[in-house]
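Take a look at the letters that make up each chain.
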Amino acid sequence: MPAESGDDQSADSPIDLFDDLGGNMITPYIIDIPDQRLAAIRSRVESYDWSELPDAGDWSAGVGVRDLKRLVDYWQHSFDWRKVERRLSQLPNYTSVIEGERIHFIHKRGNGSKPPLLLLHGWPGSFIEFERLLDPLVSDGHDVVVASLPGFAFSTPITGVIGPRRAAELLHGLMSQLFGPARYIVQGGDWGAHIASWMAQQHPDALLGFHINMVRIFAADARPMTPAEEEFFAKQAVILDWETGYNHQQETRPQTLGVAMADSPVGAAGWILEKFGQWADLPKLPDGSPDLWSKFSEEDLLTNIMLYVAPSSVVTATWIYHGKRLEGSDRFPAGTRVSVPMGVAAFPDPVFLPVPRSFVEKTYDVVHWTDMPRGGHFAALEQPDLMLADLRAFVSAVSAQRG
């Protein structure tokens with residue numbers, strides 16, 4: 001596992017090291033994957049037998065073999081994880097134990113003139129999605145916390161399966177540990193959006209507002225009532241029939257999938273790369289394949305993949321899907337009305353289409369809504385400037401409402 005250091009504090013330390021009521025410590029964290037682990041990953045990557053992987057036709061049946069080969073070639077000959085570690089270690093990394101679970105997070109301090117912000121990623125993303133938002137938001141006056149979800153990256157090991165509702169409790173616990181009773185704002189996409197929604201539902205007095213770019217949790221009795229809403233759900237169902245096989249596998253049998261991905265870094269890379277190719281807002285090549293390299297570099301993609309492969313979180317990161325099923329946390333109880341002010345950045349995600357505002361308002365108090373011109377599922381990574389501008393606008397709207 002990566003080494004931890006409890007001796008040195010950076011200037012960005014969120015607070016002095018302290019014992020909370022449970023005797024836990026907020027501890028500076030050093031990203032340092034052991035040489036032995038890196039050597040094992042390199043050996044498996046180099047020994048991958050491409051002759052065992054026939055091509056069903058570009059991206060028509062899954063990840064494109066040509067693009068995967070390009071990525072793996074870069075992995076073998078150009079990618080320098082130690083260089084990545086040095087860059088990521090310049091960020092103020094910490095860990096804390098919340099109710100027995102270790103949570104890794106970045107915390108950059110503002111001047112306190114704006115409310116604290118919690119930024120949450122999803123699967124198969126990571127905390128690096130928000131890297132380009134940190135300094136601008138800190139300059140605005142926010143304390144900015146970017147957490148690795150339980151079981152992801154360095155928020156490992158976890159004690160067992162954790163779903164989004166439980167994750168919401170843990171991350172609220174982290175914000176309470178950092179900021180006491182001060183109210184805060186949450187931004188999230190994918191699982192981050194699910195968790196933010198549950199935080200708003202469970203802790204309405206703790207949040208000033210929440211801003212998400214994927215709305216998928218509604219009251220159990222919410223039903224489409226207009227032709228536009230019915231048309232949306234019919235269209236979405238056709239897309240999801242093709243695109244959510246991964247979800248059923250990870251929801252029902254994550255352990256079996258984990259056996260394969262833990263042993264094959266190339267297999268894990270293919271599983272993750274497919275989602276970046278299908279879920280991002282990318283132009284299409286003449287053969288219909290996504291033009292991955294028009295938006296992402298090999299360095300960006302491999303950094304994210306290594307945050308799954310290097311600390312062995314590739315297995316436990318999928319457990320949140322199983323946790324969702326066990327918790328039944330894909331919907332709120334019938335009659336739920338989430339009162340916390342909500343902002344929606346409706347990016348044109350090609351798979352998880354933006355839900356009509358009229359339907360969202362059946363469950364939520366929407367005070368801010370932006371139909372984005374471009375950007376897909378990994379919105380903060382794909383379009384950081386658009387995300388930053390919209391989050392700032394939401395903060396202004398919530399502040400004005402509060403005033």
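Rules behind the numbers
Residues numbered from 1 in each chain as written. Predicted model: local features only at pLDDT ≥ 70, side-chain atom pairs only at ≥ 80, totals over all residues. Heavy atoms only, no water. Helix = DSSP H or I, 4+ residues; strand = E, 2+ residues; numbered from the N terminus. Contact = heavy atoms within 4.5 Å. Polar contact = N/O pair within 3.5 Å; in protein donor to acceptor, adjacent residues only side chain to side chain. Expected span 1.5 Å × (residues − 1). Buried < 20%, exposed > 50% of the residue type's maximum accessible area, 1.4 Å probe, protein only. UniProt positions renumbered as here; feature names shortened; annotations may be inferred. 1 Å grid on protein atoms, 1.4 Å probe; cavity = no way out; pocket = protein on both sides within 12 Å on 5 of 7 lines; lining within 4 Å.

### Quick look at the environment of Q202
Mapped onto the elements, Q202 comes out in helix 6 (residues 191-202). Counting along the chain gives 85 residues from Q202 to L117, while the straight-line C-alpha distance between them is 18 Å. Each residue touching Q202, except ones within four places of it in the same chain, is listed here: R165, A168 and E169. Among the polar contacts listed, one links the side chain of Q202 to the side chain of E169, at a separation of 3.1 Å.

### Re helix 6
Here helix 6 is 12 residues long and its end C-alpha atoms lie 16 Å apart, about the 16 Å a rise of 1.5 Å per residue gives. Counting buried positions along helix 6 yields 10 of 12 residues, so the element is predominantly enclosed. Here helix 6 has its buried residues at W191, G192, A193, H194, I195, A196, S197, W198, M199 and A200.

### Observations regarding the UniProt feature "active site" (unreviewed entry) in the protein chain
Within this numbering scheme, the UniProt entry marks D190, Y321 and H377 as carrying the feature "active site" (unreviewed entry). Set against the largest pocket, the annotated residues that line it come down to D190 and Y321. If you trace the backbone, D190 turns up in the loop between strand 6 (184-188) and helix 6. With sequence-adjacent residues up to four places away left out, D190 is seen in contact with G122, W123, M214, W279 and H377. Judged by its relative accessible area of 2%, Y321 falls in the buried class. Every residue in contact with Y321, bar those within four places of it in the chain, is listed here: W123, W191, Y246, N247, Q250 and E251.

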